[in-house]
Amino acid sequence: MHIHKIEIPTPYAVGDVNAFVVKGDALTIFDVGPKTAEAYEALQQGVKAAGFAMTDIEQVVLTHHHPDHAGWVEAFPNATILGHLYNDKWLRHDEEFLRYHEAFYRERLFEHGVPQEYIAPSVHVRRELELVGKRPLTHILADGDEVPGHPGLKAFETLGHAQSHLIFWDEASHRVIGGDLLLDKITPNPLIEPPLDRTVGRTKSLLQYNESLEILRQLPVTTMYTGHGADLTDIPVLIETRLARQYEQSMKVYELFGDDALTVVQMTKRVYPAIFQRQLGLTMSKTLGHLDYLEANGLITSFQTAEGIYLFKRK
Ligand SMILES: [Zn+2]
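Residues numbered from 1 in each chain as written. Predicted model: local features only at pLDDT ≥ 70, side-chain atom pairs only at ≥ 80, totals over all residues. Heavy atoms only, no water.

- Per an unreviewed UniProt entry, the protein chain is named Hydrolase, and its organism is Lysinibacillus piscis.

Observations regarding the overall build of the protein chain
Reasoning step 1: Check the secondary structure of the protein chain and you find 9 helices and 12 strands.
Reasoning step 2: For the protein chain, whose C-alpha radius of gyration is 20 Å, the value lies close to the compact-globule estimate of 20 Å for 315 residues.
Reasoning step 3: Dimensions of the protein chain along its principal axes, counting C-alpha atoms only, are 60 × 40 × 35 Å.
Reasoning step 4: Within the protein chain, the proportion of its 315 residues that are buried is 51%.
Reasoning step 5: Restricting the contact set of the protein chain to residue pairs at least 6 apart, pairs at least 24 apart contribute 64%.
Reasoning step 6: Within the protein chain, the 42 negative side-chain charges are centred at a point lying 4 Å from the centre of the 30 positive side-chain charges. (Helix = DSSP H or I, 4+ residues; strand = E, 2+ residues; numbered from the N terminus. Rg over C-alpha atoms; globule rule 2.2 N^0.38 Å. Buried < 20%, exposed > 50% of the residue type's maximum accessible area, 1.4 Å probe, protein only. Contact = heavy atoms within 4.5 Å. Lys, Arg positive; Asp, Glu negative; His and termini not counted. Charge placed at Lys NZ, Arg CZ, Asp CG, Glu CD.)

Quick notes on the pairing of strand β8 (residues 166-170)
Reasoning step 1: For β8, a buried count of 5 out of 5 residues is recorded, marking the element as mostly surrounded by other parts of the structure.
Reasoning step 2: Side chains of β8 alternate between two faces, with Leu166, Phe168 and Asp170 and Ile167 and Trp169 buried alike.
Reasoning step 3: As paired elements, strand β7 (residues 153-157) and β8 share 5 bridges and run antiparallel to each other. Looking at β8, one finds that alanine 155 is bridged to phenylalanine 168.
Reasoning step 4: The hairpin turn running from β8 into strand β9 (residues 175-179), its antiparallel successor, is 4 residues long, and histidine 174 in that turn takes a positive phi close to 60 degrees. (Pairing = 2+ DSSP bridges.)

Describing the packing of helix α8 (residues 264-271) against helix α9 (residues 280-296)
Reasoning step 1: Between α8 and α9, whose axes approach to 9 Å, the crossing angle comes to 105 degrees. Taken together, the axis directions place α8 and α9 in an arrangement best described as roughly perpendicular. Along the contact surface, α8 presents Val264, Val265, Met267, Thr268 and Val271, while α9 presents Thr283, Met284, Thr287, Leu288 and Leu291.
Reasoning step 2: Taken together, the residues that form the contact of α8 with α9 break down as 7 nonpolar, 3 polar and no charged. (Axes fitted to C-alpha atoms, helices over the stretch in contact; angles between N-to-C directions. Parallel < 35°, antiparallel > 145°, perpendicular 65-115°, else oblique. Nonpolar A, V, L, I, M, F, W, Y, C, P; charged D, E, K, R; others polar.)

So, the UniProt feature "domain: Metallo-beta-lactamase" (unreviewed entry) in the protein chain
Reasoning step 1: As recorded in UniProt, the feature "domain: Metallo-beta-lactamase" (unreviewed entry) lies at residues 16-228.
Reasoning step 2: Secondary structure over residues 16-228 splits into 29% helix and 18% strand, and the C-alpha atoms at its two ends are 6 Å apart. (UniProt positions renumbered as here; feature names shortened; annotations may be inferred.)

Looking at the coordination of the zinc ion
Reasoning step 1: The protein atoms donating to the zinc ion are Asp68 (OD), His69 (NE2), Asp180 (OD) and His228 (NE2), with metal-donor distances spanning 2.1 to 2.5 Å.
Reasoning step 2: Its 4 donor atoms give the zinc ion angles of 86 to 164 degrees at the centre, a pattern that matches the irregular case.
Reasoning step 3: Read N to C, the donor residues that coordinate the zinc ion are spaced as D-H-x110-D-x47-H. Separated by 160 residues along the polypeptide, aspartate 68 in the loop between β4 (59-61) and β5 (80-83) and histidine 228 in the loop between β10 (223-226) and α7 (235-255) bring together distant segments of the chain.
Reasoning step 4: Classification of aspartate 68 as buried rests on a relative accessible area of 8%.
Reasoning step 5: On the basis of relative accessibility, which here comes to 3%, the residue histidine 228 falls in the buried class. (Donors = N, O, S within 2.8 Å, 3.2 Å for Na, K, Ca; no water. Tetrahedral: all angles 85-135°; square planar, octahedral: opposite > 155°, others 65-115°.)

Notes on unusual backbone geometry
Reasoning step 1: Notably, aspartate 31 is not glycine yet its phi reads approximately 70 degrees, a positive angle.
Reasoning step 2: Mapping aspartate 31 onto the fold places it in the loop between β3 (27-30) and α1 (37-49).
Reasoning step 3: Its identity is not glycine, yet histidine 93 carries a phi of approximately 50 degrees, on the positive side.
Reasoning step 4: With respect to the helices and strands, histidine 93 occurs in the loop between α2 (85-91) and α3 (95-111).

Here's the deal with the layout of surface pockets
Reasoning step 1: Considered as a void within the structure, the largest pocket measures approximately 1300 Å³ in volume.
Reasoning step 2: What lines the largest pocket is a set of 37 residues, among which Glu128, Asn189, Leu191, Gly281 and Leu282 lie closest to the centre.
Reasoning step 3: Contributing elements (two or more residues each) for the lining of the largest pocket: α3, α5 (125-129) and α9.
Reasoning step 4: Class assignment for the residues of the lining of the largest pocket results in 17 nonpolar, 12 polar and 8 charged. (1 Å grid on protein atoms, 1.4 Å probe; cavity = no way out; pocket = protein on both sides within 12 Å on 5 of 7 lines; lining within 4 Å. Points joined across faces, edges and corners; volume = space filled by probe spheres on them.)

Some remarks on the pattern of salt bridges
Reasoning step 1: Taken as a whole, this structure holds 14 salt bridges when the rule is applied.
Reasoning step 2: In this structure, the salt-bridge partner of arginine 99 is glutamate 95, at a minimum N-O distance of 3.5 Å. In this pair, arginine 99 and glutamate 95 both sit in helix α3, 4 residues apart, roughly one turn of the helix.
Reasoning step 3: Under the relative-accessibility criterion, arginine 99 is labelled exposed at 51%.
Reasoning step 4: The salt bridge partner of arginine 108 is glutamate 107, with a shortest N-O separation of 3.5 Å.
Reasoning step 5: Looking at arginine 108, the relative accessible area reads 10%, which means it is buried.
Reasoning step 6: A residue is classified by how much of its surface remains accessible, and glutamate 107, at 46% relative accessible area, is partly exposed.
Reasoning step 7: Through salt bridges with shared partners, one network takes in Glu107, Arg108 and Glu111. (Salt bridge = Lys/Arg side-chain N within 4 Å of Asp/Glu carboxyl O.)

Quick word on the nonpolar core
Reasoning step 1: Ile29, Val32, Val60, Leu62 and Phe76 are the most contacted members of the largest nonpolar core, which has 56 residues in total.
Reasoning step 2: Mapped onto the domain boundaries, this core takes at least three residues apiece from domain 1 (2-92 + 132-233) and domain 2 (244-314). (Core = buried A, V, L, I, M, F, W, Y, C linked by side-chain atoms within 4.5 Å. Domains from an automatic or database assignment.)

Here's the deal with the packing of α7 against α9
Reasoning step 1: For the pair α7 and α9, the least separation of the axes is 9 Å and the interaxial angle reads 90 degrees. The angle between the axes of α7 and α9 places the two elements in the roughly perpendicular class. Residues Gln246, Tyr247, Gln249, Ser250, Met251, Val253 and Tyr254 of α7 pack against His290, Leu291, Tyr293 and Leu294 of α9.
Reasoning step 2: Here the residues of the contact of α7 with α9 sort into 7 nonpolar, 4 polar and no charged.

So this is what it looks like as structure tokens:
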């Protein structure tokens, strides 16, 4: 299995995103950058540098649905499109699913203490969709599935950063195409996203993310090809370091409680006083992640008020 890396510019703070052209029995590209003119240019150059034309690509495989990864699905006219079922909902720009999304965020923002007047302007799912492609999946990949045309290359469902996240592990070479599960210089955010299963309420993204790290830790890996930044080796050491830092950060959040019972918004203000207003969704996601972690470890407890707002306090 030959892997060729393409670095693609994005308009996001994260910087470039990586795509990988993989030659097996089939010719496959993993992730396709955001749907911008600059990204298309970089994709075309990269595919050419790998020795192919855009029309040669037979499969597009997506690690997750975020716009920096799932934009240019339409750039490969002869390719089938593969990814997680959740990804398909995004690529269809399905109106009913978008309404579910928006209702989900409105409910979460309300129950976590965002004042009513800030809720409507904070929910902008459609803006995120602008750089996502509009071609539905032709093939759904589930946990344990082999990527067609790549014998021994297996998908592992690894949710947390995204509710559609998959990594692909090659059992012969022990290399893995890892999306945003573990990155060189960045800690992937445990974003609050509406789950596919609408009966479960919200998912606890940080706890889910930690379970996904555990899946990765169990796999023998020589090289991990990541969604942003450098390739990784020494995965268990890196996971250990990240989990230790996460524990420290959660304990800092714990210290900030004092004797108070707080909403997520109130705690977010304490944790991120300088940026919480500008980056409400992101800072709330991170804070809620720490609160879920502290609660799962028996350090804090939560309860819902008569109005339906969640309060967290030390045990
Ligand atoms: Zn990404």
